[in-house]
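Observations on the model geometry
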Amino acid sequence: SVRGADLKPLGSGFLVSAGLAITTAHIFDGVFENRSHLNTKSMEPDYAVVACQLVEKGSHVLQWSVQSLFQVPTIDMDDSVFDLVLIELKPLDPQTDAAFSAYRYRKPVLSIAPPEVGSKVKGYGYIESRVEGDLTSVPLWNHRPFCSEGVVQEIHFPKRPLPGMSFPCFEIDAFWDSGMSGGPVVDEAGRVCGVISRSMEILDGGGVSWAASLWPTMGIKVHGRTMYDLAQDGVVRAEGLERVRVTSTSDREFPDVAFDPNDPPYHP
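Quick caveat: nothing in here was measured; it's all calculated off a predicted structure.

Before going further, it helps to spend a moment on the pattern of salt bridges. One pass over the structure, following the stated rule, counts 5 salt bridges. In this structure, the salt-bridge partner of Glu 149 is Lys 122, at a minimum N-O distance of 4.0 Å. Linking Glu 149 in strand 10 (residues 140-156) with Lys 122 in strand 9 (residues 120-132), this pair joins segments that are 27 residues apart in sequence. Residue classification places Lys 122 among the partly exposed residues on the basis of a relative accessible area of 35%. Of the charged contacts, one joins Arg 225 and Asp 233 as a salt bridge, the two residues approaching to 2.1 Å between their closest N and O atoms. By relative accessible area, Arg 225 is classed as partly exposed at 32%.

Let us now look at the sheet that holds strand 7 (residues 85-91). Spatially, the 5 strands line up as an open sheet ordered 3-4-7-6-5, and their pairing is antiparallel. Looking along the sheet, the strands with just one partner apiece sit at the ends: strand 3 (14-17) and strand 5 (50-55). Here the strands of the sheet are splayed against their neighbours by 45° on average, with no regard to which way each runs.

It is worth spelling out the confidence of the model for the protein chain at this point. Of all residues in the protein chain, 77% attain a pLDDT of 70 or more, and the chain-wide mean is 80. Within the model, the stretch residues 33-44 combines pLDDT values under 50 with 30 contacts to residues more than four positions away or in other chains.

So, about the pairing of strand 13 (residues 192-201). With 3 bridges joining them, strand 12 (residues 184-186) and strand 13 adopt antiparallel strand pairing. Within strand 13, the position partnered with Val 186 by the bridge is Val 192. With 7 bridges connecting them, strand 13 and strand 14 (residues 207-213) associate as antiparallel partners. Pairing of Ile 196 across the sheet is with Ala 211, part of strand 14.

On to the nonpolar core, then. Core analysis: the largest hydrophobic core is formed by 35 residues, its most contacted members being Val 16, Ile 22, Leu 86, Met 218, Met 227 and Val 244. Contributing elements (two or more residues each) for this core: strand 3, strand 4 (20-23), strand 13, strand 14, helix 1 (227-232) and strand 19 (256-259). Counting 13 residues, the second-largest nonpolar core is a separate cluster that includes Leu 15, Ile 27, Val 85 and Ile 87.

Cut-offs applied
- Residues numbered from 1 in each chain as written.
- Predicted model: local features only at pLDDT ≥ 70, side-chain atom pairs only at ≥ 80, totals over all residues.
- Heavy atoms only, no water.
- Salt bridge = Lys/Arg side-chain N within 4 Å of Asp/Glu carboxyl O.
- Helix = DSSP H or I, 4+ residues; strand = E, 2+ residues; numbered from the N terminus.
- Buried < 20%, exposed > 50% of the residue type's maximum accessible area, 1.4 Å probe, protein only.
- Pairing = 2+ DSSP bridges.
- Axes fitted to C-alpha atoms, helices over the stretch in contact; angles between N-to-C directions.
- pLDDT = per-residue confidence, 0-100.
- Contact = heavy atoms within 4.5 Å.
- Core = buried A, V, L, I, M, F, W, Y, C linked by side-chain atoms within 4.5 Å.

Written out as structure tokens, the structure is:
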């Protein structure tokens, strides 16, 4: 986030299409006054929020201006806010980044279904970020990437029954640093199957972590179209759409999203 010349690193995230990225909602807690600001389907920040995309093994940084935040719908009306947002991005300096523009269009394959219990997953993010300079010049972004591997212990469906985390997620026996929040969780097939949300270190040096499941993101509305629509049209690459049902209702801002956990998992 940027207030005047003050730049404050927030967390991690990843592109799902050109100009669209996913991250966690809680990294914005210290930026906006309270979480209620994220309950609407979109929002225009009143100050700059910049997303950095590292390319060429970190030798170059593509800078994006965050234009809007789109909230993931809750599963039930009484649920806590789902810890994911879709952010809309606009190139901050397209001329400087022209040589690396192809990176803006790379997009991962999203696994709509959570991974199976006992399978291995990897979480990626940045455990340390420092910024030197300000946006009036050319800031120097220093990031420390990290990857941690673990095994899926439990799938929380339809949601984890605890205050503050009552949304679909899965548990992993790994520790992910707080700076990794919003980073992708990747399965053994290389698909993004979740997003780093919470982590807790335990006494023996290990940890336990939770990743938000991706199937509820299909109900996010972006300028009148759902993520489900974008995935069907190939704007977002996703596998497992046949296990999701998205239904619009007259009494809710967001459509209802249902997921069939009994359908056999997809194996490429």
